[in-house]
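Spelled out from the first residue to the last, the chains are:
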Amino acid sequence: QKEVEQDPGPLSVPEGAIVSLNCTYSNSAFQYFMWYRQYSRKGPELLMYTYSSGNKEDGRFTAQVDKSSKYISLFIRDSQPSDSATYLCAMSHGDSWGKLQFGAGTQVVVTP
Amino acid sequence: GAGVSQTPSNKVTEKGKYVELRCDPISGHTALYWYRQSLGQGPEFLIYFQGTGAADDSGLPNDRFFAVRPEGSVSTLKIQRTERGDSAVYLCASSSRGSRSYQETQYFGPGTRLLVL
């Protein structure tokens, strides 16, 4: 079983809808939680990061971490066609900050 | 340069051949990371460098894979006796210091698409 699980989708939503993405994980040592966006044939780009539990908001993006449930979420409000991409969750812990553990990625399609 | 660059962007080789993939990190970044991304999967960690030394090479799948960073800047990932299962996108990332006490943002390059026939 993988340490980080993420539904691959695809997830199709109409423009303006809220996109809801999530990951579960099994390693309780994870402390940093990140969301990356990856466009086709490009490298991942960091969107949000959260240390330990809690919520973080940045513009249209909200990241939530529930360490007790080992569950993290990303919400995208007022979705745009330009948000169509693959969203990857990633995690790390203090024994090896450099080693990011990624989920499989969820493909999101926002239709005009 | 403005970002992480990787060359070549695409590489096609035959089973059993040797390949080298190059990564140029963001100028001044001392930490460098290699990941491998198979189709439909997230990136899988291979190795990370602090300066010239490998701080964590636990993700290298076997002894056919080797990476170097001799001057603490450019890095080369070397794959010997390539196999069809090595086909993937090889991603490189860099961060400013590779802190041991907190997570730094890793900035990714566009990747090298390796196809082993």
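Provided above is the structure to which this section pertains.
Residues numbered from 1 in each chain as written. Chains lettered and ligands numbered in written order. Predicted model: local features only at pLDDT ≥ 70, side-chain atom pairs only at ≥ 80, totals over all residues. Heavy atoms only, no water.

Caption draft 1: Quick peek at the overall build of chain A. What chain A contains, in helices and strands, is zero helices and eleven strands. In sequence order, chain A lays out its α and β elements as β-β-β-β-β-β-β-β-β-β-β. In terms of C-alpha radius of gyration, chain A reaches 13 Å, essentially the compact-globule figure of 13 Å for 112 residues. With 112 residues in all, chain A has 45% of them scored as buried. For chain A, restricting intrachain contacts to residue pairs at least 6 apart in sequence, the fraction spanning at least 24 positions comes to 55%. Carbon and sulfur atoms provide 46% of the accessible area of chain A, an area that totals close to 5300 Å². Each charge class in chain A was averaged separately, 10 positive and 11 negative side chains, and the resulting centres sit 5 Å apart. (Helix = DSSP H or I, 4+ residues; strand = E, 2+ residues; numbered from the N terminus. Rg over C-alpha atoms; globule rule 2.2 N^0.38 Å. Buried < 20%, exposed > 50% of the residue type's maximum accessible area, 1.4 Å probe, protein only. Contact = heavy atoms within 4.5 Å. Areas by Shrake-Rupley, 256 points an atom, 1.4 Å probe, with all protein chains shown as cover. Lys, Arg positive; Asp, Glu negative; His and termini not counted. Charge placed at Lys NZ, Arg CZ, Asp CG, Glu CD.)

Caption draft 2: Representation of the pairing of strand 8 (residues 71-76) of chain A within the structure. Residues and elements named next belong to chain A. The sheet contact formed by strand 3 (residues 19-25) and strand 8 spans six bridges and is antiparallel. Paired with Cys23 across the bridge in strand 8 is Ile72. Two strands pair when backbone bridges link them, and strand 7 (residues 61-66) and strand 8 are joined in this way by six bridges, in the antiparallel orientation. What sits directly across from Ala63, in strand 8, is Leu74. Here strand 7 folds back onto strand 8 in antiparallel fashion, the turn holding four residues, of which Lys70 has a positive phi close to 55°. (Pairing = 2+ DSSP bridges.)

Caption draft 3: Just the sheet that holds strand 6 (residues 54-58) of chain A, in detail. Residue and element names in this part refer to chain A. The sheet built from five strands is open, its strands ordered 1-3-8-7-6 with antiparallel pairing. The open sheet has two edge strands with one neighbour each: strand 1 (4-6) and strand 6. Each strand axis lies, on average, 15° off the axis of its neighbour in the sheet, ignoring direction. (Axes fitted to C-alpha atoms, helices over the stretch in contact; angles between N-to-C directions.)

Caption draft 4: Layout of the interface of chain B and chain A. Each side of the interface is counted separately: chain B has 24 residues, and chain A has 20 residues. Between chain B and chain A, roughly 1700 Å² of surface is buried when both sides are summed, and carbon and sulfur atoms account for 51% of that area. When the buried surface of chain B facing chain A is broken down by residue, Gln103, Phe108 and Arg113 of chain B rank first, second and third, together holding 30% of it. Connecting chain B to chain A are zero salt bridges. (Buried area = accessible area lost by both parts, 1.4 Å probe. Salt bridge = Lys/Arg side-chain N within 4 Å of Asp/Glu carboxyl O.)

Caption draft 5: Examining the state of the cysteines more closely. Enumeration over the complete set of coordinates arrives at two disulfides over all chains. Note on cysteine connectivity: Cys23 of chain A is disulfide-linked to Cys89 of chain A, with sulfurs 2.0 Å apart. On the sign convention where negative is left-handed, the bridge of Cys23 of chain A and Cys89 of chain A, at about -100° about the S-S bond, is left-handed. Within this pair, whereas Cys23 of chain A is found in strand 3, its partner Cys89 of chain A is found in strand 9 (residues 85-93), the two being separated by 66 residues in sequence. Across the pair, exposure class does not vary: Cys23 of chain A and Cys89 of chain A are buried alike. Each sulfur in the disulfide pair Cys23 of chain B and Cys92 of chain B lies 1.8 Å from the other. Between Cys23 of chain B and Cys92 of chain B, the disulfide has an S-S torsion of -70° and is therefore left-handed. Here the residue Cys23 of chain B occupies a position in strand 3 (residues 19-24), and Cys92 of chain B occupies one in strand 9 (residues 88-95), the gap between them amounting to 69 residues. In this structure Cys92 of chain B comes out as buried when scored by relative accessible area, which is 0%. (Disulfide = S-S within 2.5 Å.)

Caption draft 6: Structural context of the nonpolar core. Trp35, Ile72, Leu74, Tyr87 and Met91 of chain A are the most contacted members of the largest nonpolar core, which has 23 residues in total. Of all the elements in the fold, those that place two or more residues in this core are strand 3, strand 4 (32-38), strand 5 (45-51), strand 7, strand 8, strand 9 and strand 11 (106-111) of chain A. For Ile72 of chain A, the residues in contact, after removing those within four places along its chain, are Leu21, Asn22, Cys23, Tyr25, Phe33, Trp35, Gln64, Val65, Cys89 and Met91 of chain A. In this structure, Ile26, Leu77, Tyr90 and Val116 of chain B belong to the second largest nonpolar core, which totals 20 residues. (Core = buried A, V, L, I, M, F, W, Y, C linked by side-chain atoms within 4.5 Å.)

Caption draft 7: Seen up close, the pattern of salt bridges. Residue and element names in this part refer to chain A. Per the counting criterion, the structure on display carries eight salt bridges over all chains. Ionic pairing is found between Arg77 and Glu57, a salt bridge with its closest N-O pair at 3.4 Å. Of this pair, Arg77 sits in the loop between strand 8 and strand 9 while Glu57 is found in strand 6, placing the two residues 20 residues apart along the sequence. A residue is classified by how much of its surface remains accessible, and Arg77, at 29% relative accessible area, is partly exposed.

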